[in-house]
Structures are given as C-alpha cells and as structure tokens.
Amino acid sequence: MTTRQCCPCKRRGRTFRERRKSHSRPTSCSEDGSIVELCKWMKAAAGFKCPLSPANFQDTGRGLQTKSTIRSGEIIIALPKKLLITNQTAFQSDIGPYLKKWRPLLLPQACLSMFLLWERRKQTDSHWFPYINSLPATFNTPPYLTDKEISCLPDSVQKSAFKEKWKVSTVYEQIESHCKLHWTEFFDILDFETFRWCWSVINTRSVYLDGGLSEYLNKSEPNNIALAPYLDLINHSPSARIKADYNSMSGCYEITTYDCYRPYDQVFISYGFHSNGRLLVDYGFCVPGNHCDEVQISEEEIRQACLKENISYLEKKMDILKNNALLGCFQCRVDGIAGQFWIAVEVLVSSWEDLPHWYRLLDREVTAQNASWKAVQLLKAILKEYLADLDVKQACLTQVIEEMGTTDRTSAIASLLAIESAIVSSALTS
C-alpha cells in the first residue's frame, strides 16, 4: 500500500480517463440505485448532508458536482466519524476477537481487508451494505493485471506493478493458511478474487487517518487508513488545491477546497505530486497533461545505452552513482531533463583521470547549455534506448490486445506508453 502523506485524500482504481474541469452540465445519478441508497443510508445513520451531489461527467464518469457556487476556503464535505471504516471499526465488530488474537500480527491493510470481506459476505445483513454495494466491481491496478499486461509497462513501472501484485498474493496465502488451521468459518468464505477486491478497495479509496499505535497490528506499516463513504466519489486533478484532515472539534473528516467552482462544476481533490506511472500502479489511471509527470529510466536501460556508446570503466562509474544516490536520478520531466540526470551522465562520460574528482560536478548546475559534448551524446543515446524499449512494449501490448481485446486495463497502459513517449521525445529534441 502506498504511503499516504502528501495529500490525505486518496481515490484509486477507476477506468483511465482524462480529468479536467468540465462546464458542460453533467447528468444526475438519480437513476443509480446504489448511489441513491448510499445517500439515504448516510443521512439516516449520521444525518449526513453535503453541498455536493453525485453525477456522471462526460470526461471522468461518476464524480461529485457542486449545487451552487463554492469559494476558496469553503468546506466541501464533512464526514462524521461514525461513517468512517477503520481498523478500530474492525476490532469492535463481531470478528474483532479473532482479529485481535491473530499471530503473527496482521498488517493494517490486511486486517481492514478481512473486515470488508466479512461484511461483504453478509450482504444486506451488514450495516455497511449500502456503501459496499456502491463500490466498483473491478479495478485497473496491478492485482487485476495479467502478467502479460504488466510486461507491457515501462521497466520502472513494471517493477512496482509486479511487486504490488506479489504482495497481495502473498498476504492472501498467509491469511488462507492461518484460517485453514485456526478459523474455519472465515476460511469457508475466503477466496482470492474477493480478497483481491477488498484489498484494492482499500488501496484505491482510503483516506489518511492516523489511528495511532495498536497492540493488535503489525507495526511495520502505519495504522493510518480509513474508508470514507461518499467522499471517495471525488475524482483527482493534479492541480486541485485542498486540505483534508479529521477535525476533532466537529467530529468529522473534512475537506476544504482552495479552488473556486461554479454551479454544476465537478469538484476535485489531489492525491499529491504523482507521475502517471505512479498513478497507474496505485490508482489504475493516467492523467494526460499531468504537470507532475516524470519518466524514470531504469538501470538496465542506462547500461544498454552505455555499452552501445562504449563507455569505459562502466562498473566503476555505476558504483559511484549507486553509492551516491544518483542511480535513481535518470528522470525526464514534462519541463525537461532533471538536473541530477545531467550530473549522472557527466560522471558516466568522465575520463579515468577526472573520475576521482566527479564530486566537483555537485558544485555547479549542469544543464543542456553547459554540459560537455560527450554528455549530450550519451544522454541522447539513453533517451533513444528508452524510446526503443517503449516501442517493444507497445508491440507487446498490441499482441495482448489481439489476443484478449481492448479493455480498460489495456487502454490505461496504452495511454501511459503514449504519454511517456511524448515526454522523452520532447526531451530528445529540446
């Protein structure tokens, strides 16, 4: 699960689509039975009221719209604490005694996933059924991607995607093994598809809420997640300006916007400064025109370009980069090449005599204007190597589409490949 620090509100797992403010009038969700029942339940359970209403937007699908003008500094949603689903909620439930006795201690996300699975199996007998019934049926995040689809992702994104997919499978196997021996009632309702769904709901839709230390949870990961009904209908925009936090005085989780909206505008939140690769892995979508975007070039791609350019003493130079935290600095951003990228390239083209003094590069700003000719040539070779690799990924994706057809998942991957190709091509010609 990703760290929830930059912007507490998190929303993931929707189909790829462009996110932008739209002034065309959206269509009401009044015909969506699950949303109607969700609103009724929240009002009955906690007297919940909100200046935003659910709607379907041409650009983004389901989201929340304004009912009237909203000005900067206004609270756009205040969700009572009793409507938040946390691990404390799980511990106070009918399966709380089992979760508290679990050994080794459960990870916070695993614990909340088990609670959600238990409640989902109850169907209408669950207090939380109106919320659970309103959630998406599937996601575009790594646990739902096939290995072939993940192999079509850029190398650095692919690595993160495989890691997330592996983590979900591993946690599930641990829970399955434990329940088979110690909790047969839960074992009888447990299956990977449902657990994967529960994990993905939490991983894509939770908000940051500090739950403090718990004697019942594994402390290797923070206990800071909560599901927030209705609030999680708000879509993401990289440019949205918000503040999100729990207000102990009002007893509500509140979102304050610092943007202005006209009637029928869609309201947005920001998940933080995330590249499209990060958004795809964590949330299942990309954002065209994302000003936070950056392309991470992998160590293997750097090596391949250096070998083709006959870079001498490559291993020694790679060790210098690795030992000085420069190996992860090969990044292309929407506004050009990152400064440390140039420094790393200058190290790679240094002569044996100059190599011991490489650190002097840190004392000056290296740019395309003052970089050495050799550095410029190597950088171009690296970018060309990356573009060639993207072509291979695109060919792989084309094959997947021919075999399985076009899906929301393949559309998201295709978007990421196109966006990264545009960013790197722009850097190459600038």
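The rules behind these values
Residue indices follow the written sequence of each chain, beginning from 1 at its first position. For a predicted model such as this one, the threshold for reporting local features is a pLDDT of at least 70, and the threshold for listing and counting side-chain atom pairs is 80 or more; totals across whole chains, interfaces and linings nevertheless cover every residue. Remark: hydrogens and water are excluded; side-chain values derive from all non-hydrogen atoms of the structure. Numbering of helices and strands starts at the N terminus; helices are DSSP runs of H or I of at least 4 residues and strands are runs of E of at least 2. For a compact globule the rule gives 2.2 Å times the number of residues to the power 0.38, and the radius of gyration it is set against comes from C-alpha atoms. Think of it in three bands: with a 1.4 Å probe and only protein chains considered, a residue is buried below 20% of the maximum accessible area for its type, exposed above 50%, and partly exposed in between. By definition in these notes, contact holds between two residues if any of their heavy atoms fall within 4.5 Å. Counting rule for charge: Lys and Arg are taken as positive, Asp and Glu as negative, and neither His nor the chain ends is counted. A charged residue contributes its charge at one atom only: NZ of Lys, CZ of Arg, CG of Asp or CD of Glu. One bridge is not enough; two strands pair if DSSP finds at least two bridges between them. The span one expects for a helix is its residue count, reduced by one, times 1.5 Å. We define a salt bridge as a contact between a side-chain nitrogen of Lys or Arg and a carboxyl oxygen of Asp or Glu at a distance within 4 Å. The pairing test for Phe, Tyr and Trp rings, Trp by its six-membered ring, is centres within 6.5 Å, and the orientation test on the planes gives stacked under 30 degrees, edge-to-face over 60, and tilted for anything in between. Comment: the charge-over-ring label is applied if NZ (Lys) or CZ (Arg) is within 6 Å of the ring centre and within 35 degrees of the ring normal. As used in this structure description, the phrase polar contact means that two N or O atoms lie within 3.5 Å; if the pair is within protein, one of them must be able to donate a hydrogen and the other to accept it, and residues adjacent in sequence are counted only when both atoms belong to side chains.

Asker: Looking at this model, I keep getting lost on the overall build of the protein. Mind explaining?
Answerer: Scanning the protein from N- to C-terminus turns up 15 helices and 13 strands. For 430 residues, the compact-globule estimate of 2.2 N^0.38 gives 22 Å, and the protein sits close to it at 24 Å. Projected onto its principal axes, the C-alpha coordinates of the protein cover approximately 75 × 55 × 50 Å. The 430 residues of the protein split such that 55% are buried. Within the protein, contacts between residues separated by at least 24 positions form 75% of all contacts whose residues are at least 6 apart in sequence. Side-chain charges of the protein comprise 50 positive and 49 negative groups, with the mean position of each set lying 5 Å from the other.

Asker: Would you mind showing me how to read the sheet that holds strand β2 (residues 52-57) here?
Answerer: Strand-to-strand pairing in sheets goes through backbone hydrogen bonds, with the strands running parallel or antiparallel. Taking strand neighbours across the sheet as the criterion, the three strands line up as β1-β2-β3 in an open arrangement whose pairing is antiparallel. The open sheet terminates on both sides in strands that have one partner only, identified here as β1 (27-28) and β3 (61-66). Pairing of β2 with β3, which is carried by six bridges, proceeds in the antiparallel orientation. Within β3, the position partnered with Phe57 by the bridge is Gly61.

Asker: Sorry if this is basic, but what is going on with unusual backbone geometry here?
Answerer: Negative phi characterises most residues that are not glycine, and trans characterises most peptide bonds. Cis geometry marks the peptide bond from Arg103 to Pro104; its omega dihedral reads -5 degrees. Examined against the element boundaries, Pro104 turns out to sit in the loop between α3 (96-101) and α4 (108-122). Within the chain, Tyr230 stands out as a residue other than glycine whose phi angle is a positive 75 degrees. Looking at where Tyr230 falls in the secondary structure, it is placed in the loop between β6 (225-227) and β7 (235-236). In this structure Tyr230 comes out as buried when scored by relative accessible area, which is 4%.

Asker: Would you explain helix α14 (residues 373-404) in this entry?
Answerer: When the terminal C-alpha atoms of α14 are compared, their 47 Å separation across 32 residues agrees well with the 46 Å that a helix rising 1.5 Å per residue should span. Positive phi shows up at Gly405, right after α14, with a value of about 90 degrees.

Asker: Quick question: what am I supposed to make of the side chain of Lys317 here?
Answerer: Inspection of the secondary structure assignment puts Lys317 in helix α12 (residues 314-323). Among buried Asp, Glu, Lys and Arg side chains, Lys317 stands out as unpaired, with Glu353 the closest opposite charge at 9.3 Å. If we ignore the near neighbours within four places in the chain, the residues touching Lys317 are Ile311, Ser312, Val347, Leu348, Val349, Ser350 and Leu355.

Asker: Explain the environment of Trp197 to me, please; I cannot follow it from the model alone.
Answerer: Along the chain, the position of Trp197 falls in helix α9 (residues 192-205). As a C-alpha pair, Trp197 and Ser72 span 125 residues in sequence and 36 Å in three-dimensional space. What Trp197 contacts, discounting residues up to four positions off in sequence, is Leu116, Arg120, Ile132, Leu135, Pro136, Ala137, Phe139 and Tyr144.

Asker: How do you make sense of the sheet that holds strand β12 (residues 331-333) when you look at a structure like this?
Answerer: Read across the sheet, three strands follow the order β11-β12-β13 without closing on themselves; strand pairing throughout is antiparallel. The open sheet has two edge strands with one neighbour each: β11 (294-296) and β13 (336-337). Inspection of the sheet shows β12 paired to β13 by two bridges, in the antiparallel sense. Residue pairing across strands places Cys332 opposite Ile337, the latter belonging to β13.

Asker: Looking at this model, I keep getting lost on the packing of aromatic side chains. Mind explaining?
Answerer: Aromatic ring pairs are reported here in terms of the distance separating the ring centres and the angle at which the planes meet. Counted under the stated rule, the structure contains 17 aromatic pairs. Centroid distance Phe195 to Trp199: 6.1 Å. Interplanar angle 40 degrees. Geometry classified as tilted. With Phe195 and Trp199 both in helix α9 and four residues apart, the pair spans about one turn of that helix. A relative accessible area of 0% places Phe195 in the buried class. Cluster of aromatic residues (ring-pair linked, three or more members): Tyr98, Trp102, Trp118, Trp183 and Phe186. Positioned above the aromatic ring of Tyr98 is the side chain of Lys101, whose terminal nitrogen or guanidinium carbon lies 5.6 Å from the ring centre. Over the ring of Trp197 we find Arg120; its NZ or CZ atom is 4.1 Å from the centre of that ring.

Asker: Mind showing me how you'd approach the pattern of salt bridges here?
Answerer: Pairing of side chains with opposite charge becomes possible as their charged atoms draw close. One pass over the full model with this rule turns up 18 salt bridges. The salt bridge partner of Asp191 is Arg121, with a shortest N-O separation of 2.3 Å. Taken together, the residues Asp191 in the loop between α8 (184-187) and α9 and Arg121 in helix α4 connect sequence positions 70 residues apart. A salt bridge links Lys322 to Glu299, with the shortest nitrogen-to-oxygen separation between them at 4.0 Å. Of the two residues, Lys322 sits in helix α12 while Glu299 sits in helix α11 (residues 299-308), which places them 23 residues apart along the sequence. For Lys322, a relative accessible area of 46% gives the class partly exposed.

Asker: Would you mind going over α9 with me for this structure?
Answerer: The α-helix advances 3.6 residues per turn, and as a result positions three or four apart in sequence lie on the same side. Its 14 residues place the ends of α9 20 Å apart at the C-alpha level, agreeing with the 20 Å of an ideal helix rising 1.5 Å per residue. Of all 14 residues making up α9, twelve are buried, and the element is well covered by its neighbours. Its side-chain oxygen placed 3.2 Å from the backbone nitrogen of Glu193, Asp191 serves as the N-cap of α9.

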